[in-house]
Amino acid sequence: MRFPKRRRPSENRYYQSLTRRMVLIIIFVSITPMILVSGFILSEFRTSYQAKIYDHLGELVLKKKQNIDSFLWEKLSDIRYVAATNSYQDLVYEDFIQEELHILRREFDTVFEDLGVVNADGLQLAYAGPFELEYADYSKAEWFTSAIQTEYHISDVFTGLRGKPHFIVTVRNIWEGKHWILRATIDFLSFNTLLEKLRIGQTGFAIILNQYGEYQTKPFFKNIKINNKNLYQFMKQSQQTPKGVHIVERKEPDGQRNIYVGSFLKGGEWLLVYQQNKDDAFSDLRHAQNIALIIIVVSALIIIAMAVLLSMKMVARIQVSDREKEIMNQQVIETGKLASIGELAAGIAHEINNPVAIMVEEAGWIEDLLAEEDLASCENLTEFQRALHQIRMQGRRCKEITHKLLSFARKTDSSVQDVQVNDLITEVVNLSVQKAKYANVDIVTDLDPSLPAIQMSYTEGQQVMLNLINNALYALESKDGRGRVEVQTRRNAGDIHIDVIDNGTGIPAAILPRIFDPFFTSKPVGKGTGLGLSICYGIINKLGGEIDVESEQDRGTHFQIRIPTAPSEKPGTDACGDGMAVEKTA
Amino acid sequence: MSNHSTRHAPTHGEQIRLLLVDDEVGYLNVLANRLGKRRLDVVKARSGCEAIQAVRRQDFDVAVLDLLMEDMDGIEVLKILKKMDPDLKVVMLTGHGSEKASKEGMRCGASDYLTKPCELEELLEKIREAYRQKQRT
């Protein structure tokens, strides 16, 4: 026996596409709202976080600007104080001015590098400080031309005569109708430290530019690339916040986006600008975004996995119920078929009965007549008698056959009734005897006469026994020598046991667990529906019983049925389990 | 049946007057021939109507009635015959699987039934038994 699994590719495709559709729908309805909500929350969060960062930076820059402004004005006030409290004659004395510088450095700050008195012609008349700048001529110096025209002046940072970056604070006074200037140099490094503390993240730093874009402080990063040429103008033109801070975002030629937060100081001459790479400034935000993204991706993956799992489970269930439905449909169809076959058989049996009866009686008539004739001398008398006897014998056989057919066909109703299992088995065996004879098989019954009647549908019982016996005959078809099918019944603790044992080819162990599966058949396509045993299983199950199989290759197969005699919980009254045409299913 | 002496009495004594009703002419003829050969006085009727006419013409002891006929339902014929002659004993011939009809026939007054095709000896025995019943009453 071979048991190939019947494949149904088109059906598989249908269930696959059903699974796909369910997966897509579940994914769509669960992921779309998740993405929309998280996207909305994330964008809101980003906006408010950005505003917070800008506010914070603006605040920082503003504070720093006020710091620097007050520093500058403080230094200017110091110088003004020196100029106001001392006379020109005193200050042009070397010793005096040295003493003044000393006092300044002691009382205020070491930021004062040197001190000098310059006359209206730009000539430094007195100097106190570390450099040799006595009688230096500043008439051409830029700071001097500006300083001589205003009362106070703070210069831009420049290198000047000493070759070191510095800037100058000046106060203009008048002595004997002529202007003179008291100038002090502010230590660049000390000034620089004011800004150095303004450092945030990896790339955030602050610098001061003058209106020509020149550095007024030393950039924190040596290799800093700040496009300072236009920055001053750019910031000046940008919108400013109510507090006077300019915040702009600019894309640099290298593709990076920078944030510039600027504030003008020293009366608008200088620009304090804080620069930071945008990615760096928003690194916390980006971090949060990344975490959110990971959570979304993981959730999406879980949803997809669940969708696939759920759909597969559901489709598997649908598949099972589809199969059950198909079996039911098949059963209904087969019931109809059996009923019409029954009617047809009954009709034919009736039709045949009359001619057979006439034949038998005519033969009897000839016998009667022969008895009257004096045929003692007739050589063929015995042969006549034998032939007539034969006709009557065969007539009786015809009668038996039609009777079997009729009694089978008569019971195609599905109503539950008291059924004597032994009678049922005898009837089915009688019906199969002829077929068994052709297959060279003996059907032997060993029936326990004490079996009680059970409540079941007669047709369904016929169907189970027919299926099992036909399967056994099929298994014995290819066997050499005489086959044997044994049908036994016995009673055991309130149960009826029916055994159908054949000595056929047996069922391979590999497929044994699947023989009760619907559509599983060992027969060539078109010969078996693969439903026979699954229907048997359904019928026995409905009666609250069990059907089991043991098989050994080349030794035979043993089907065991157990049916409880007490009424089962699931009375088999539905129409689906009804009679079914004989099926040769292994 | 128990009385051995009465068993052969009809065959040796007076003839049983038998009405044979069957619409299958071939069967009717051969059965009539064979029963006639067994010294029964057989009248053939090929339909329910003919049977009724025959009973109207003369008395019978026993009628063998096929229940499955084309012109009339066998049960109907049975009822009419029993009405016409309540003493008439009727043996029914039925097809296989018509137990229901046979039982109904028994309720309507038939003496016995047989399924077709039947053994002649069996039929003969049923006829004689019916005749004995008639004799007893």
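Since this is a predicted model, take the numbers as computed values, not measurements.

Caption draft 1: Molecular detail of the interface of chain A and chain B. Opposite the 21 residues of chain A that make contact, chain B presents 19 residues. Where chain A packs against chain B, one counts five salt bridges. Here arginine 34 of chain B ties to glutamate 361 of chain A by a salt bridge, and the two come within 3.0 Å at their closest N and O atoms. At the junction of chain A with chain B, the criterion picks out six residue pairs in polar contact (both at pLDDT 80 or more).

Caption draft 2: Structural view of the sheet that holds strand β1 (residues 112-119) of chain A. All names here are of chain A. Sheet architecture is open: five strands sit in the order β2-β1-β5-β4-β3, paired in antiparallel fashion. Edge strands, defined here as strands with exactly one partner in the open sheet, are β2 (124-128) and β3 (152-154). Between one strand and the next, the sheet's axes are offset by a mean angle of 15°, whatever the strand orientation. Bridge count between β1 and strand β5 (residues 178-186): seven bridges; the pairing is antiparallel. When the bridges of β5 are listed, leucine 115 appears paired with alanine 184. Strands in contact with helix α3 (residues 94-107) are β1 and β2; relative to β1, the strand with the most contacts, it is inclined by about 145°.

Caption draft 3: Quick peek at helix α3 (residues 25-37) of chain B. Residue and element names in this part refer to chain B. In this model, α3 (13 residues) spans 18 Å end to end at C-alpha, consistent with the 18 Å of a helix rising 1.5 Å per residue. Among the residues making up α3, those that are buried are Tyr27, Leu28, Val30, Leu31, Ala32, Arg34 and Leu35. Looking one or two places after α3, you find arginine 39, whose phi comes out positive at around 60°.

Caption draft 4: Up close: the nonpolar core. All names here are of chain A. Ranked by internal contacts, the top residues of the largest apolar core, which has 49 residues, are Ile79, Phe167 and Leu182. Among the elements that line this core, the one with the most residues is helix α1 (residues 9-85), at 13 residues. If you look at the next biggest cluster of nonpolar residues, it comprises 45 residues, including Leu468, Ile498, Ile515 and Ile540.

Caption draft 5: Geometry of the packing of helix α4 (residues 48-57) of chain B against helix α5 (residues 74-84) of chain B. Residue and element names in this part refer to chain B. Between α4 and α5, whose axes approach to 10 Å, the crossing angle comes to 5°. As judged from the angle between their axes, α4 and α5 are roughly parallel. Contacts between α4 and α5 pair Gly48, Ala51, Ile52, Val55 and Arg56 from the former with Val77, Ile80, Leu81 and Met84 from the latter. Per-class residue counts for the contact of α4 with α5 are seven nonpolar, one polar and one charged.

Caption draft 6: Up close: the sheet that holds strand β2 (residues 41-45) of chain B. Residues and elements named next belong to chain B. On the basis of which strands lie adjacent, the open sheet formed by five strands has the order β2-β1-β3-β4-β5 and parallel pairing. Of all the strands in the sheet, just β2 and β5 (112-115) have a single pairing partner and so form its edges. Neighbouring strand axes in the sheet, compared pairwise and without regard to direction, differ in orientation by 20° on average. Summarising the sheet, strand β4 (residues 89-94) and β5 pair through four bridges and their orientation is parallel. Across the sheet, residue threonine 94 finds its bridge partner in β5, namely threonine 115. Strands β1 (17-21), β3 (62-66), β4 and β5 of the sheet are contacted by helix α7 (residues 120-136), whose axis makes an angle of about 155° with β4.

Caption draft 7: Spotlight on the packing of helix α11 (residues 458-477) of chain A against helix α12 (residues 532-542) of chain A. All names here are of chain A. Two elements in contact, α11 and α12, have axes whose closest approach is 9 Å; the angle formed by their N-to-C orientations is 140°. Overall, the two elements α11 and α12 adopt an arrangement that is oblique. You can see that α11 and α12 cross each other, and the crossing is left-handed. Contact with α11, carried on its side by Glu460, Gln463, Val464, Asn467, Leu468 and Asn471, involves Gly532, Leu533, Ile535, Cys536, Ile539, Ile540 and Lys542 of α12 and no other residues of that element.

Caption draft 8: Representation of the packing of aromatic side chains in the model. Residues and elements named next belong to chain A. Taken as a whole and assessed by the stated rule, the structure comprises eleven aromatic pairs over all chains. On the numbers, 5.6 Å between centres and 80° between planes, the contact of phenylalanine 167 with tryptophan 270 is edge-to-face. With a gap of 103 residues between them, phenylalanine 167 in strand β4 (residues 167-175) and tryptophan 270 in strand β9 (residues 270-277) connect regions that are remote in the sequence. According to the relative accessible area criterion, phenylalanine 167 is buried, its value standing at 0%. One aromatic cluster is present, built from ring pairs that chain together Phe45, Tyr49, Tyr54 and Phe282.

Caption draft 9: Structural detail: a nonpolar patch on the surface. All names here are of chain A. Nonpolar side chains collect at one region of the surface, where Ile294, Val298, Ile302, Met306, Leu309, Leu310 and Met314 lie side by side and expose about 660 Å² of accessible area between them. Along the chain, leucine 310 turns up in helix α8 (residues 283-372). Judged by its relative accessible area of 43%, leucine 310 is partly exposed.

Caption draft 10: Highlighting the pairing of strand β16 (residues 556-564) of chain A. Residue and element names in this part refer to chain A. Most of β16 is tucked away: seven of the nine residues are buried. When strand β14 (residues 495-502) meets β16, the two strands line up antiparallel, connected through eight bridges. The residue bridging aspartate 495 from the neighbouring strand is proline 564, located in β16. Where strand β15 (residues 546-552) meets β16, seven bridges bridge the pair, whose relative direction is antiparallel. Looking at β16, one finds that aspartate 548 is bridged to glutamine 560. Between β15 and β16, which follow one another and run antiparallel, lie three residues, and aspartate 554 among them has a positive phi close to 65°.

Calculation notes
Per chain, residue numbering runs from 1 following the sequence as it is written. Labels are handed out in written order, letters beginning with A for the chains and numbers beginning with 1 for the ligands. With the structure being a predicted model, the display of local features is reserved for residues of pLDDT at least 70 and the display and counting of side-chain atom pairs for 80 or more, all residues being used for whole-chain, interface and lining totals. Only hydrogens and water are set aside when side-chain values are computed; all heavy atoms of the structure are taken into account. Contacts were defined at the residue level, with two residues in contact if any of their heavy atoms lie within 4.5 Å. By salt bridge we mean one thing: a side-chain nitrogen of Lys or Arg within 4 Å of a carboxyl oxygen of Asp or Glu. Definition of a polar contact: a pair of N or O atoms within 3.5 Å, with one able to donate and the other able to accept a hydrogen when the atoms are protein atoms, and with sequence-neighbouring residues admitted only if both atoms are side-chain atoms. The criterion for strand pairing is that DSSP finds at least two bridges linking the strands in question. Starting at the N terminus, helices and strands are each numbered in turn, a helix being any DSSP run of H or I of at least four residues and a strand any DSSP run of E of at least two. Only the contacting stretch of a helix is used when fitting its axis, a line to C-alpha atoms as for every element, and angles between N-to-C directions run 0 to 180 degrees. Multiplying one less than the number of residues by 1.5 Å gives the expected span of a helix. When accessible area is computed with a 1.4 Å probe and restricted to protein chains, residues below 20% of their type maximum are described as buried, those above 50% as exposed, and intermediate ones as partly exposed. By convention a nonpolar core is built from buried Ala, Val, Leu, Ile, Met, Phe, Trp, Tyr and Cys residues, the set being connected through side-chain atoms within 4.5 Å. In these notes the angle categories are as follows: under 35 degrees is roughly parallel, over 145 is roughly antiparallel, 65 to 115 is roughly perpendicular, and the rest is oblique. Each residue is assigned to one of three groups, with Ala, Val, Leu, Ile, Met, Phe, Trp, Tyr, Cys and Pro labelled nonpolar, Asp, Glu, Lys and Arg labelled charged, and all others, Gly among them, labelled polar. Crossings are assigned a handedness: left-handed for a near helix turned anticlockwise from the far helix by less than a right angle, right-handed for a clockwise turn. Any pair of Phe, Tyr and Trp rings, taking the six-membered ring for Trp, is counted once the centres come within 6.5 Å. Such a pair is stacked with planes under 30 degrees apart, edge-to-face with planes over 60 apart, and tilted for the rest. Like charges are joined within 9 Å and nonpolar side chains (Val, Leu, Ile, Met, Phe, Trp, Tyr) within 5 Å, but only among residues with over 30% relative accessible area and no salt bridge; these make up the patches. In short, Shrake-Rupley with a 1.4 Å probe defines the accessible areas, and a residue's cover is counted only from the protein chains shown.

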